[in-house]
Every structure is written in structure tokens, then in C-alpha cells.
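# Geometric and topological summary
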Amino acid sequence: MQLDNPLHLAAHPQPLDSVTLYSSPLIIPVTGPVVLNGAIAVSGSRVVHVGTRQWVLDALKHDMAANGRIVEHHWDGIITPGLINAHTHLQYTNMAEVGRGTYDRFRAWELGFNEVYEKLQETRPWKESSYQGARMMVEAGTTAAADIVTDPEAVGALASQGMHGIAYWEVMGWHNDDWKTDGIAELISNLGHMHHEGLPSIGISPHAPYTLETEPFVDLPDIARQLDMRLHIHLSETPIEAGDHESTLTTYSAADWRDGQWDSYKQLKAAGKGASAIQFVDQLGSLGPDVHIAHGVWADAEDRRILRQRGVGVALCPRSNRITVTGKDAPIRQYLEEGNLLAIGTDSLSSSPSLDVLDDAAMVYDLAREQGYIRDDLTHRIIRMITIGGAEEMGLHVGAGRIGQINAGATADLAFFDIPVGTDSPQAIERTLEDFVRHGAGTNRATIISGDIVYNDDAFDLR
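None of these values were measured; they are calculated from a predicted model.

Let's shift gears to the pairing of strand 1 (residues 16-27). Of all the 12 residues making up strand 1, nine are buried; the element is thus mostly covered by neighbouring parts of the structure. Alignment of strand 1 against strand 4 (residues 64-74), held across seven bridges, turns out to be parallel. Considered in strand 4, the bridge of Y22 is made with H73. Sheet topology note: the strand 1/strand 2 (residues 35-43) ladder contains seven bridges and is antiparallel. Of the residues in strand 2, the one forming a bridge with S24 is G38. Here strand 1 pairs with strand 5 (residues 78-81) via two bridges, running parallel. Residue L26 lies in a different strand from strand 5, and its bridge partner there is I78.

Here it is, written out as C-alpha cells:
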């Protein structure tokens, strides 16, 4: 009877016919300590074991079928989980000319973006553009992303490469009246289209408090939660979204505006109220652990407290913030010291020089130090941001399909970086990890998604 027990079968799977072993002098599992002279055993789409190479080989002796086959690929650099880009717009990959521009304020960047976007709308090249962007990310070692989709032609970007993550349908430009009469129906139609495209997962992105009035921000979280979807918002990106009561709890500072009938955040600000955009959407019930925001540049102490208390993560996009002239850098030191959930995103090529999340990781490192973060755990925390941190912000860090980590049963998403490895002392290991964070951009040589090698720049001989 024990052999028929489903729990017994799950804990003692059938003998393995085929296993691929990826070995390296340094593996970063993220959910465990770094492994020296390690190996990762992969069968199908899952990780079977991770540990020292000898331990993994010994463990496989008990797992393999009588005629089972083990194929080993050795890599002399670092192996990490597939990286995760927590905020991007892949459809704008062909708008790099906007990202290369120089602007004196956010509105100037917006106008430059709109001009190129409207021109491209004549031919609607969004499918090809988004697929190209997804491929760029895969070649950089990214295996999952939070991709915001504005036009239906671009919905299949992640699926085109077999990537994980969430395609978020962007909702913007609706006033309260036309939202009720037309907006909800249009949203449901677009979500239905996405559902039939075989996407890894679907979400909703209410764009920002300055492009949507109040009713959409009330309705969209309810709709998403009814449909078991997650939400992703551009929030606290621009100066208009800053509050005036950094050290005062919203419980007290909101007394003069929370019960008012505000048509929009812009109306509230025009009335001279000191609420931040984060405080405003919080009062509308738009935040929660199924939400993560992009940018968080103008988040003051009270805003950061709200985000922590609601379980809302932040996708930092430091290079984009400089190009779009958001007015200052995100308060990275405070986010780190206060314990906010963080990830990193590249944004799109319309506001960033590349789709390699390690380029932004390097800038996050430099900004944290410039802002006064002195603890010696910075590289470890940034590695978490670009792996399991991004997964957690999308709710993909636990369960059978978990990503952003290397452990038994996790999805076999891996990246192989050409970084010189030093392991002869703890200090040498730390220098290696710092080199990865600060100089790892452009060094990925192979990418595995769900156990399949989807990119191989001479890292392995597959003949």
C-alpha cells in the first residue's frame, strides 16, 4: 500500500532515465549558501539536486534507472538562477532613439516618446519589436520578466522565448465617466485576447495616478483579484507624486482629504492637499501583496512604511530615472535599511540603454554606496533583487513552478556568467560576487529555461 501512496511517490520519484549535470567552481543558489566546486542536476524542466559536485553525483546513484544516463557540462565561471527583470515594456524595443535622447524634464521625455510612438502606430511593428526585446533579455541571462503590454500585437513577447513572468495589460487614459461606459468592457476584451495567446501568466497594470482618474483605481484591483491576477503600477516616479508630510502617519495627515469625493489625484493636488500618490491609491484600496510598483523614486518615509505594511515590492529602475529626468534617484539606502521588498527592472529601450538587468544592478550598487549604505551585505542583497526578489514581487517564488532560485524541485532556469572565480578565501568569494554585480553585464554565455538550453554562446559543446 505504501508504494501506491501519492505522498510516498512524490518523495520517492521514479528512477531517472536522463540527467544533465551543470558543474562550476561557484554556484549561487540564492536560497542557500554559495556552493564551491558545485553541480546542479537537471531532469526535464526541474532541478533534481544542487550541492557540491561529489555530493550530487553520490545522490544520483540512488536516483538513476539501471541504464540511466548522466551528461555533464562544466562551466568555469558562475552559475546563477535565471535573472528576473521586474519592470520592462518589451514592445518599445524599437524605440531606442527616444532612450538615446537628452531631456531637461520628465514632460520633455514624454513628448519625445509620444512623437515616436504615434509615428510607429502607422505600421504597428509591436510584435517584432517585443519579440526582439525578449530575445535580448534571454541572451543577457534573464529568464522571467514583468512585461507591460500596451498594444495587443505585443502580448506574446515572453511566450516567444519560453520565458516565465507576467504580461501585464496596461490601462491608461481613462476618465471616470468613460471608464464605466467603455473602459471596463475594453479591458475584459483585451484580457480575453491575452488568455488565448498561451501566455505564462496575465496581470493588469493601472498605469499611474496622473493618467487615470479615481474610478479605474478603485475597480482595477477588484477586477484583478476576482480574476486571480496580479497588478503592477508606475508609482512615485515623478515629482507631482510626492507628498508633503514625510514624518506624519497617513492616519493623521489624511484627515483633511480622505473622505472627500476626489475625481482624480490631480484634482486633490490642485486643491493643495499634501497627499502623495502612494497615500492616495492606498486610500482607494489599490495596494496589497499582489501588487508591485515600478520606480518608487519620490517615496518618502511614510510612503515606504505603507509599501512595507501592504506587502508591496518596488522595482528599481535607476538608469531609466536618469534618462526620463524623474528629478532624483530612488532612496535606495532607506529602502535597504528599512527592509522594503526590492527588485530591479530595466524599463524599456525608450528610456534605458539596454535590457540587461545587471547594468541596473551595477548602478543600484553605486547609488546605495553614494547614499551612505555601508553594510557589507550589499552584493548579496542586490543578487537577491535580480533573482528571487523579482520572483517574489510577481508571486512566483513559491510552489511547484517557483523561479529565481536553485533548489530541488524548482524550475530549471539557469544563467552562466563569464566572471573569473576566486574561492581560496572568504574575501576572494566576496570579491567574485561583487565583480558579478558590478561588472556582470554582457558576460552571460548560456541561458537555460525550464531545463532547455535556449542560448549558448560557445559555453557548451552540444555536438
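Relative to the helices and strands, D228 resides in the loop between helix 8 (214-226) and strand 10 (230-235). For the pair D228 and G203, spaced 25 residues apart in sequence, the C-alpha separation works out to 8.7 Å.

Turning our attention to helix 16 (residues 378-393). With 16 residues, helix 16 ought to run about 22 Å at 1.5 Å a step, yet its terminal C-alpha atoms sit only 19 Å apart, falling short of that. Where helix 16 bends most, at M385, the angle is about 50 degrees. Judged by how many residues are buried, helix 16 sits mostly within the fold: 12 of 16 residues are covered. Remark: G395 follows helix 16 within two positions and exhibits a positive phi of approximately 70 degrees.

So, how was this worked out
Residues numbered from 1 in each chain as written. Predicted model: local features only at pLDDT ≥ 70, side-chain atom pairs only at ≥ 80, totals over all residues. Heavy atoms only, no water. Buried < 20%, exposed > 50% of the residue type's maximum accessible area, 1.4 Å probe, protein only. Helix = DSSP H or I, 4+ residues; strand = E, 2+ residues; numbered from the N terminus. Pairing = 2+ DSSP bridges. Expected span 1.5 Å × (residues − 1). Bend = angle between axes of the 7 residues up to and from the residue.

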